[in-house]
Amino acid sequence: MEDISHIIDPLNAVQREAVAAPAEHLLILAGAGSGKTRVLVHRIAWILETQQASPHNILAVTFTNKAASEMQTRINQLLQTTTLGLWVGTFHGICHRLLRMHWQEARLPSTFQILDSDDQQRVIKRILTTFALDDKIWTPKQVQQFINNCKEQGLRSQHIIAEGYDLWLKQMLSLYQTYEEYCQKNGLVDFAELLLRTYETLRDNTALRATYQTRFRHVLVDEFQDTNDIQYKLLRILVGQHSYLFAVGDDDQSIYGWRGAKIENIQNLSKDYPAIHMIRLEQNYRSTGTILSVANNLIANNKKRLGKNLWTDGEAGEPVYLYSAYSEIDEAQFIVGKIADWVKKWQEVAILYRTSAQSRVFEEALIQKNIPYRIFGGLRFYERAEIKDVLAYLRLLHHRQNDTAFERIINLPKRGIGDKTLENLRAIARQHQCALWEAVHHAINAQLLTKRAATPLLEFVTFIDKLSEQLLDCSLSEKVQQIIQQMGLIAHYQKDDPIDAQRRQENLDELLRATQQFETQNKEEFDIVSAFLAQAALEAGEGQGSKFDDCVQLMTLHSAKGLEFSLVFLCGLEEGLFPHQNSLDEGNLEEERRLCYVGITRARQTLYLSHSETRAQYGQRNNAEQSRFIREIPSELLQEIRLKSAYSNHSGVQPSITLQVGDNVSHPTYGNGVIIEQEGQGELTRFQVRFAKGATKWLLLAYTRLEKC
DNA sequence: GCAGGAACCTTTTTT
DNA sequence: AGGTTCCTGC
């Protein structure tokens, strides 16, 4: 046996127990910062180096591409050899791979295309118009959600029975069925379909199932608490009689219930695999004792838990700070002020918030102080309109029957082909049971269109055919380059929005670079265009290229999962915002609390919590109550930086009522102004202030921060 | 068919 | 407030 000390030695006793456990089903309940990924990676290395299995026998599943690539990198680092045959990937990536290999068994055309959620919505929109339903009630979004929900539960339209007179369900089912037929006919596979189709194929095909059950002797799953129904079913079918499941998860970090993740799957494991061995990783290596204590106290308020208490043998560290701001602008300025004092790397600092809309004020404050920052989330690279435009051309060149691509670019750049003409084309396509591309030829041959519509259409198809022929022997990147140049896309964006055009141009350059890179990395690929398009759909790419290597990180709590920072600001802790009103309405308070727990446990060294007494939302300024999550943290763990001024008698900060009519004042949110009227007494004194910016406001002294100037 | 103004709607996000 | 989609008049 080879020397395996390098795999075992860096681990603590419990981690070692998990990594070197005998071949059996294992559930690792790994608390935040307890070395979850490390255990997974070392487990794989241990299996390989103790020669229990070859790379070929191992399947490791993650939820995000980022997690998958990190795991692959760390495995390679640890083993110092290539691990050919080892499958590490996302659920979707792995299913895509299986379907490409077994398209016949899956009853798919070999050329099936992946529909991203944007494409999916377009298809649904199109179906909805043919149903002629009230579009106020039947929105594409709702239908999309219904279909995806069904698929995520493993249900086809024919499996659902609408009882009695549930007309809504009946209508949804008929839409779902039409959608299924449309996708099947056109060889389209949406994200949920990748999983469902793989599941069904393995379920219905004994030989294939046996092949993979024998092959994958070890199935390892990361973030198990995030699995939904179909993912769980898929895992169950992949793990055969002689295979072992290694599931790593943390019920306290389950924050994706709203998109179908089932915490119950963790409990189901013990039912479905009675012999499963449960190991708890509770020692935290990330945060200070105080931060952990805050996290533990908060999460203890949740009833639905398996129970777990994180501990550390490190220092208690600094207290956790709490700042009560007057407005979200005050909050941002305080936080950015603290960041400006930070002497280590910017990338060690994160501002976490509940909703993306909160990022703006921070952005402005950071720009003002000249601090580099990066906002995560938002539109991702391959979701950008200009990228999707070029890829639609590529799709159409490659596959003239692709209606989704056709519809996207038929009038882009503007060719004078509008909705009416397109509607006619759709009708013709339906009539002849053909693609829109062929419908154009029918229409022109049979003279079904006005000259005004026919001329640009004929021009369009001729041009595409010509371009296609011209690019036949070109490489992927040459094709993309020619599309960008010959279709006049840049000029179109220039006309559309001259300010945005520069950025779009840069993105297109980036796309070109990505295709060149893809070419060099996939030299032996037979159908490189399809491979590239699939990758673009499955890996939508980062939100924005990191313009700076070292910048402050701004992100929602959801995107912060799995990351850690020395200095963390968790802001907007207000009732209605965090916990969010919608979650409260839907009874999902516990998930919000877990989200808060995730946020707290991101911090290594210093954690600031903040809330604001007022907040501008939907164009209105409202008073905001401090979040219950703050109240659930024992006050001795918190150090308040500025006490809530309103009505607090223990604050020590008396609102000073030395202002009077005629005084020039400044306000952190509205700027400078002059007091023109006064009413009320004591804490309830109100001033009417006319601000230089034009607004005149009544302000309750207790809730605002007016300063004489 | 298209541009520009009115009405509408605002959680989280991956694949 | 801001962004998107919808509607109307040219």
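From a predicted model like this one, the values you see are computed outputs, not experimental measurements.

**Examining the pattern of salt bridges**
Phase 1: Going through the model one piece at a time under the given rule, you end up with 44 salt bridges.
Phase 2: The salt bridge involving Arg236 is made with Asp272; its shortest N-O contact spans 3.4 Å. Linking Arg236 in helix H11 (residues 229–238) with Asp272 in helix H12 (residues 264–272), this pair joins segments that are 36 residues apart in sequence.
Phase 3: Arg236 sits in the partly exposed class, given a relative accessible area of 36%.
Phase 4: Overall, Asp272 belongs to the partly exposed group, its relative accessible area being 29%.
Phase 5: A salt bridge links Arg380 to Glu383; its shortest N-O distance comes to 3.6 Å.
Phase 6: Three or more residues joined by partner-sharing salt bridges are found here, namely Asp116, Asp118, Asp119, Arg122, Lys388, Asp389 and Arg408.

**Details of the domain arrangement of chain A**
Phase 1: Taken domain by domain, chain A holds domain 1 (4–104 + 195–283), domain 2 (116–186), domain 3 (295–368 + 545–641), domain 4 (383–534) and domain 5 (663–708).
Phase 2: The partner domain 4 presents nine residues to the nine residues of domain 2 that form the contact.
Phase 3: Taken together, both faces of the contact between domain 2 and domain 4 bury some 840 Å²; the carbon and sulfur share is 39%.
Phase 4: Three residues stand out in domain 2 for area buried against domain 4, namely Asp119, Arg122 and Arg126, and they jointly supply 52% of the buried area on that side.
Phase 5: Taken together, domain 2 and domain 4 are joined by six salt bridges.
Phase 6: A salt bridge links Asp118 to Lys388; the nearest nitrogen and oxygen atoms lie 3.7 Å apart.

**Let's talk about the nonpolar core**
Phase 1: Within the largest apolar cluster, 53 residues are counted, with the highest numbers of intra-cluster contacts made by Phe406 and Phe460.
Phase 2: Top contributing element to this core by residue count: helix H16 (residues 385–398), with eight residues.

**Things to note about the protein's contact with DNA strand B**
Phase 1: Around DNA strand B lies a shell of 33 residues, among which Asn65, Ser356, Arg380, Thr556 and Ser583 are the nearest.
Phase 2: Here the atoms of DNA strand B within 4 Å of the protein split so that 54% fall in sugar or phosphate, with bases taking the remainder.
Phase 3: At 3.0 Å from a sugar or linking oxygen of DNA strand B is found a side-chain nitrogen or oxygen belonging to Arg354.
Phase 4: The separation between a phosphate oxygen of DNA strand B and a polar side-chain atom of Thr556 is 2.3 Å.
Phase 5: Elements with a contribution of two residues or more to the surface near DNA strand B: helix H18 (419–432), helix H25 (557–560) and helix H26 (581–585).
Phase 6: Among the elements that take part in the surface near DNA strand B, H18 stands out by supplying three residues, more than any other.
Phase 7: Across the surface near DNA strand B, the residue classes break down as six nonpolar, 17 polar and 10 charged.

**Digging into the protein's contact with DNA strand C**
Phase 1: Inspection of the region around DNA strand C gives Arg360, Tyr618 and Gly619 as its neighbouring residues.
Phase 2: In the interface set of DNA strand C, defined as its atoms within 4 Å of the protein, sugar plus phosphate atoms amount to 20%.

**Side note on empty space enclosed by the protein**
Phase 1: All told, the structure shown has five cavities of 30 Å³ or more when counted by the stated rule.
Phase 2: In this structure, the largest cavity encloses a volume near 190 Å³.
Phase 3: Lining the largest cavity are 18 residues, and of these Ile114, Asp116, Asp119, Lys388 and Arg395 lie nearest its centre.
Phase 4: Looking at the lining of the largest cavity, the elements with two or more residues in it are strand E4 (113–115), H16, helix H17 (403–409) and helix H24 (528–538).
Phase 5: The greatest single-element share of the lining of the largest cavity, amounting to four residues, is contributed by H16.
Phase 6: When the residues that make up the lining of the largest cavity are grouped by side-chain class, the tally is 10 nonpolar, three polar and five charged.

**Observations concerning the UniProt feature "domain: UvrD-like helicase ATP-binding" (unreviewed entry) in chain A**
Phase 1: In this structure's numbering, the residues bearing the UniProt feature "domain: UvrD-like helicase ATP-binding" (unreviewed entry) are residues 9–288.
Phase 2: Helix makes up 49% of residues 9–288 and strand 12%, whereas the separation of the span's terminal C-alpha atoms amounts to 24 Å.

**Notes on the side chain of Gln231**
Phase 1: Positionally, Gln231 belongs in helix H11.
Phase 2: Contacts of Gln231, omitting those with residues within four sequence positions, involve Phe63, Phe91, His92, Leu195 and Asp226.

**A closer look at the sheet that holds strand E1 (residues 26–30)**
Phase 1: Judged by pairing direction, the sheet is parallel, and its six strands sit side by side in the order E3-E2-E6-E7-E1-E8 without closing on themselves. The open sheet has two free edges, formed respectively by strand E3 (87–90) and strand E8 (277–281), since each of these has just one partner strand. The average angle at which neighbouring strand axes cross in this sheet is 15 degrees, direction not considered.
Phase 2: Bridge count between strand E2 (residues 58–62) and E3: four bridges; the pairing is parallel. Paired with Thr62 across the strands is Thr90, a residue of E3.
Phase 3: Running at roughly 115 degrees to E3, helix H5 (residues 91–101) makes contact with E2, E3 and strand E6 (218–221) of the sheet.

**Things to note about the packing of aromatic side chains**
Phase 1: Under the defined criterion, the tally for this structure stands at 20 aromatic pairs.
Phase 2: Consider the rings of Phe146 and Trp168, whose centres lie 5.8 Å apart with planes at 85 degrees: the pair is edge-to-face. Placement of the pair is Phe146 in helix H7 (residues 140–152) and Trp168 in helix H8 (residues 167–186), with a sequence separation of 22 residues.
Phase 3: For Trp168, a relative accessible area of 38% gives the class partly exposed.
Phase 4: For the pair Trp437 and Phe460, a centre-to-centre distance of 6.4 Å together with 65 degrees between the ring planes defines the contact as edge-to-face. Here Phe460 lies in helix H20 (residues 451–470) and Trp437 lies in helix H19 (residues 436–445), a separation of 23 residues in the sequence. Phe460 carries the same exposure label as Trp437, and that label is buried.
Phase 5: Linked through ring pairs, Tyr321, Tyr323, Phe334, Phe569 and Tyr608 together constitute an aromatic cluster.
Phase 6: Between Arg215 and the ring centre of Trp87, over which it is positioned, the NZ or CZ distance is 4.8 Å.
Phase 7: Between the NZ or CZ atom of Arg374 and the centre of the ring of Phe376, over which it lies, the distance is 4.3 Å.

**With respect to the UniProt feature "binding site: ATP" (unreviewed entry) in chain A**
Phase 1: Under the present numbering, the feature "binding site: ATP" (unreviewed entry) in UniProt falls on Ala30, Gly31, Ala32, Gly33, Ser34, Gly35, Lys36 and Thr37.
Phase 2: Looking at the element boundaries, Gly33 is found in the loop between E1 and helix H3 (36–49).
Phase 3: Classification of Gly33 by relative accessible area gives buried; the value is 14%.
Phase 4: Setting aside residues up to four positions removed in sequence, Gly33 forms contacts with Gln283, Asn284, Tyr285 and Arg286.
Phase 5: Considering the arrangement of structural elements, one finds Thr37 in helix H3.

**A look at the pairing of strand E15 (residues 614–617)**
Phase 1: Two strands pair when backbone bridges link them, and E15 and strand E16 (residues 620–623) are joined in this way by four bridges, in the antiparallel orientation. Within E16, the residue paired with Gln617 across the bridge is Gln620.
Phase 2: Two successive antiparallel strands, E15 and E16, enclose a turn made up of two residues, where Tyr618 displays a positive phi of approximately 50 degrees.

**With respect to the pairing of strand E14 (residues 603–612)**
Phase 1: Most of E14 is tucked away: eight of the 10 residues are buried.
Phase 2: For strand E9 (residues 320–325) and E14, the ladder comprises five bridges, and the chain directions are parallel. Bridged to Leu322 within E14 is Leu609.
Phase 3: Strand direction decides the pairing type here: strand E13 (residues 565–570) and E14, joined by five bridges, are parallel. Among the inter-strand pairings, Phe565 is bridged to a residue of E14, identified as Ala603.

Rules behind the numbers
- Every residue gets a number counted from 1 within its own chain, in the order that chain's sequence is written.
- Note on labels: chains are lettered from A, ligands numbered from 1, in written order.
- Whole-chain, interface and lining totals are the exception, using all residues; otherwise, since this is a predicted model, local features are given only for residues with pLDDT of at least 70 and side-chain atom pairs are given and counted only at 80 or more.
- As a rule here, side-chain values come from all non-hydrogen atoms in the structure, and water together with hydrogens is ignored.
- Take a side-chain nitrogen of Lys or Arg and a carboxyl oxygen of Asp or Glu: if they are within 4 Å of each other, that pair is a salt bridge.
- Strands here mean DSSP runs of E at least two residues long; helices mean DSSP runs of H or I at least four residues long; both are numbered from the N terminus.
- With a 1.4 Å probe rolled over the protein chains alone, any residue whose accessible area is under 20% of its type maximum counts as buried; one over 50% counts as exposed, and the rest are partly exposed.
- An automatic or database domain assignment is the source of the domain bounds shown.
- Whether two residues are in contact is decided by their heavy atoms, any of which lying within 4.5 Å being enough.
- Values labelled buried area give the accessible surface lost by two parts on being combined, using a 1.4 Å probe and summing over both.
- Here, nonpolar core means buried Ala, Val, Leu, Ile, Met, Phe, Trp, Tyr and Cys residues that are tied together by side-chain atoms lying within 4.5 Å of each other.
- Here a residue is near a molecule or strand as soon as one of its heavy atoms is found within 4 Å of it.
- N or O atoms within 3.5 Å of each other form a polar contact, as long as, within protein, one can give a hydrogen and the other can take it, and as long as residues adjacent in sequence are counted only when both atoms are side-chain atoms.
- Amino acids are sorted into nonpolar (Ala, Val, Leu, Ile, Met, Phe, Trp, Tyr, Cys and Pro), charged (Asp, Glu, Lys and Arg) and polar (every other residue, Gly among them).
- Residues are said to line a cavity or pocket when one of their atoms sits within 4 Å of a point; the points come from a 1 Å grid over protein atoms alone, cavities being sets where a 1.4 Å probe fits but cannot get out and pockets being open sets with protein on both sides within 12 Å along at least five of seven lines.
- Grid points are joined across faces, edges and corners, and a volume is the space filled by probe spheres set on the points.
- UniProt positions are given in the numbering used here, feature names are shortened, and annotations may be inferred rather than shown by experiment.
- Here, a strand pair is defined by DSSP locating no fewer than two bridges between the strands.
- In this description, a line fitted to the C-alpha atoms serves as the axis of each element, helices being fitted only across the stretch in contact, and the angle between N-to-C directions of two axes falls anywhere from 0 to 180 degrees.
- Geometry of aromatic contacts follows a simple scheme: Phe, Tyr and Trp rings, the Trp one being its six-membered ring, pair when their centres are within 6.5 Å, and the pair is stacked under 30 degrees between planes, edge-to-face over 60, tilted otherwise.
- Charge-over-ring contacts are defined here by two conditions on Lys NZ or Arg CZ: a distance within 6 Å of the ring centre and an angle within 35 degrees of the ring normal.

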